[in-house]
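For reference, the chains in residue letters:
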Amino acid sequence: MRFNLTSTITMPEHKLRREVIQLCRTTGKPILKLSTKDYLEHNMMHWVNEFGSAGLVNIEVFNQLQHTITGWPGGKPNADDTNRPERALPFPKRVLVFSPHPDDDVISMGGTIRRLIQQENDVHVAYETSGNIAVNDEEYDRFIHFLKGYCRLSHTPPPDETVPVLAVKALIRRGEAQLACAYNGIDDSHIHFLDLPFYESGKIEKRPMTETDVRIVQELMARIQPHQIYVAADLADPHGTHRKCTDAVLAAIDEEKERGATWLKDCRVWMYRGAWAEWDVADIEMCVPMSPEELREKRNAILKHQSQMESAPFLGNDERLFWQRAEDRNRATAQIYDDLGLACYEAMEAFVEYHF
C-alpha cells in the first residue's frame, strides 16, 4: 500500500488557458480584450493561427473559465450539465467531506458546505484527527474551571484528575466542530470523528501513517458510499498533517478500487485548499461563488472554533487569524476572476478534480 500518494497528484494541463491567463497578467487586460497584437508581441500567434482569430481564442478561454463557476456544487437537477463541473444526477448526492483537523472543513469550503446542505444534498463530515495539540493550556484550564464550578453547583463529584490532558483537549475540539456543524445544518449522525492513530503522538512530530489509518477511512467510505468526496490538498501545511490525511484518503480510494467497489463508478473526488495556499486559477475546475451574506455565514462557522482564534499555538508566521486568511483567500480568487473579465462576486471557493 502506497502512503505518498500526494507526491503523484498532477494538476490538469489546461495549456491554452494557462498561457492566455498569463498573457492577461502581462498586459493587464481581461481575456476578451486581448488583441492579435498582444498575441504577436508575446510569441503566442500559434494559438491565433490554430483558432483562426484572437477573438476566437479569447472566447474559448473565457468559456472554459465561465464553465468552472457554479452555484450548484452538488449538481443542478433537471438541468443540462454539459458545461457544468458536476453532474445533474444522481440528485440529491451523498457527500463526504474529509477535514484533516476539526476546523479545516469550514475554513476551506464552509460556503460550499452550506450550499450543498441548502440544496438538500446528504452531507457527512469526517474529522480525520483530534486536533488536540492545537489547544493551548489556558483553554484547557478554562474548561476545567468551568467543569469544577458546574460540579459544585450540581453537587456532583468533581472531574477525575487522572483524565489525560490531551483527551480533554480533544473533547474541546469535538465540541467546537459539533457547534459549527449544527450552525451549518449538519446532524450529529453525519459527523464522524476518526481520530486517526498516526496523529496521536502528543507531539508536533507525528507517527508514520499505517494501514490502520487507511482502513479507518476506507471503512467510512464503504459505509457511506458517497457520490462526492471532498479532500484537503493543502500540502503547504507546515506540520505535514494535511499531507498524511490526504494520503490516507487517496490510499483508501485505491483500496476500494482494488476490491472492485461499484460505488466508485458514480463518485467524483474534489480537492480543496485552505489556510495555507490556494489553487492557481488555471488549475481550477469548479469555483463556488459566495455573496457578502454567505461569506459572513462562513465566518460565523469558523468562529465556532474558539480555541483556534487568537491563542491558537500553531497559527504560524502569518499573523492573520484563520477566518481572516479564509476571507482574504476567497476574495482574492473572486478578484482574479473579475480581473479576467468574468462575473464579479464577493468571494469564491475553488476546487480541482482528482482522477483515480
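Scroll up a little and you will see the structure.
Residues numbered from 1 in each chain as written. Predicted model: local features only at pLDDT ≥ 70, side-chain atom pairs only at ≥ 80, totals over all residues. Heavy atoms only, no water.

Engineer: How should the overall build of the protein be read in this particular structure?
Structural biologist: When you go through the protein residue by residue, the secondary structure sums to eleven helices and seven strands. Viewed in the frame of its principal axes, the protein has a C-alpha envelope of about 80 × 45 × 40 Å. Counting over 356 residues, the protein shows a buried share of 51%. Taking as baseline every contact in the protein between residues at least 6 positions apart, the subset at least 24 positions apart corresponds to 77%. (Helix = DSSP H or I, 4+ residues; strand = E, 2+ residues; numbered from the N terminus. Buried < 20%, exposed > 50% of the residue type's maximum accessible area, 1.4 Å probe, protein only. Contact = heavy atoms within 4.5 Å.)

Engineer: I tried to follow the layout of surface pockets on my own but got confused; where do I start?
Structural biologist: Over the atoms, a rolled probe matching the size of one water molecule traces out where space is still vacant. Roughly 250 Å³ of volume is contained in the largest pocket. Together, 13 residues line the largest pocket, and Phe143, Ile144, Leu147, Val168 and Leu171 are the ones closest to its centre. Secondary structure elements with two or more residues in the lining of the largest pocket: α6 (137-154) and α7 (165-184). The element best represented in the lining of the largest pocket is α6, accounting for five residues. Here the lining of the largest pocket is composed, by residue class, of ten nonpolar, one polar and two charged. (1 Å grid on protein atoms, 1.4 Å probe; cavity = no way out; pocket = protein on both sides within 12 Å on 5 of 7 lines; lining within 4 Å. Points joined across faces, edges and corners; volume = space filled by probe spheres on them. Nonpolar A, V, L, I, M, F, W, Y, C, P; charged D, E, K, R; others polar.)

Engineer: What is the right way to look at empty space enclosed by the protein in this model?
Structural biologist: Inspection of every chain in the model, using the stated rule, returns two cavities of 30 Å³ or more. Residue lining of the second largest cavity: Gly111, Arg114, Arg115, Gln118, Met290, Glu294 and Glu297, and that is the complete set. Going through the elements one at a time, α5 (104-118) and α10 (292-303) are the ones with two or more residues in the lining of the second largest cavity. Its residues assigned to classes, the lining of the second largest cavity shows one nonpolar, two polar and four charged.

Engineer: Would you explain the packing of aromatic side chains in this entry?
Structural biologist: The relative placement of two aromatic rings is captured by the distance of their centres and the angle of their planes. Taken as a whole and judged by the stated rule, the model has three aromatic pairs. Taken together, a centroid distance of 5.4 Å and an interplanar angle of 25° make the contact between Tyr127 and Phe193 stacked. Separated by 66 residues along the polypeptide, Tyr127 in strand β2 (residues 122-127) and Phe193 in strand β3 (residues 191-193) bring together distant segments of the chain. For the pair Tyr127 and Phe193, one class covers both residues: buried. Ring geometry for Phe146 and Tyr150: centres 6.4 Å apart, planes at 25°, overall stacked. Remark: Tyr150 and Phe146 occur in helix α6; sequence separation between them is four residues, near one turn of the helix. The class for Phe146 is exposed, based on a relative accessible area of 58%. For Tyr150, a relative accessible area of 48% translates into the label partly exposed. Just above the ring of Tyr199 sits the side chain of Lys206; from NZ or CZ to the centre is 4.0 Å. (Phe/Tyr/Trp six-rings, centres within 6.5 Å; stacked < 30°, edge-to-face > 60°. Lys NZ or Arg CZ within 6 Å of the ring centre and 35° of its normal.)

Engineer: Please explain the environment of Cys344 as it appears in this structure.
Structural biologist: Tracing the sequence through the fold places Cys344 in the loop between α11 (322-339) and β7 (347-354). For Cys344, a relative accessible area of 56% gives the class exposed. For the pair Cys344 and Pro289, spaced 55 residues apart in sequence, the C-alpha separation works out to 9.3 Å.

Engineer: Can you help me understand unusual backbone geometry in this one?
Structural biologist: Among all residues except glycine, the phi angle is most often negative; among peptide bonds, the trans geometry is most common. With an omega dihedral of 0°, the bond running from Leu89 to Pro90 counts as a cis peptide bond. Within the element layout of this structure, Pro90 appears in the loop between α4 (54-66) and β1 (94-99).

Engineer: Please clarify how the pattern of salt bridges should be interpreted in this entry.
Structural biologist: Pairs may arise between side chains of opposite charge once their charged atoms sit close together. According to the stated counting rule, one finds 23 salt bridges in the structure shown. A salt bridge links Lys169 to Asp137, with the shortest nitrogen-to-oxygen separation between them at 2.8 Å. In this pair, Lys169 sits in helix α7 while Asp137 sits in helix α6, placing the two residues 32 residues apart along the sequence. Put simply, Arg174 and Asp195 hold a salt bridge, and the shortest N to O gap is 2.8 Å. Placement of the pair is Arg174 in helix α7 and Asp195 in the loop between β3 and α8 (211-224), with a sequence separation of 21 residues. (Salt bridge = Lys/Arg side-chain N within 4 Å of Asp/Glu carboxyl O.)

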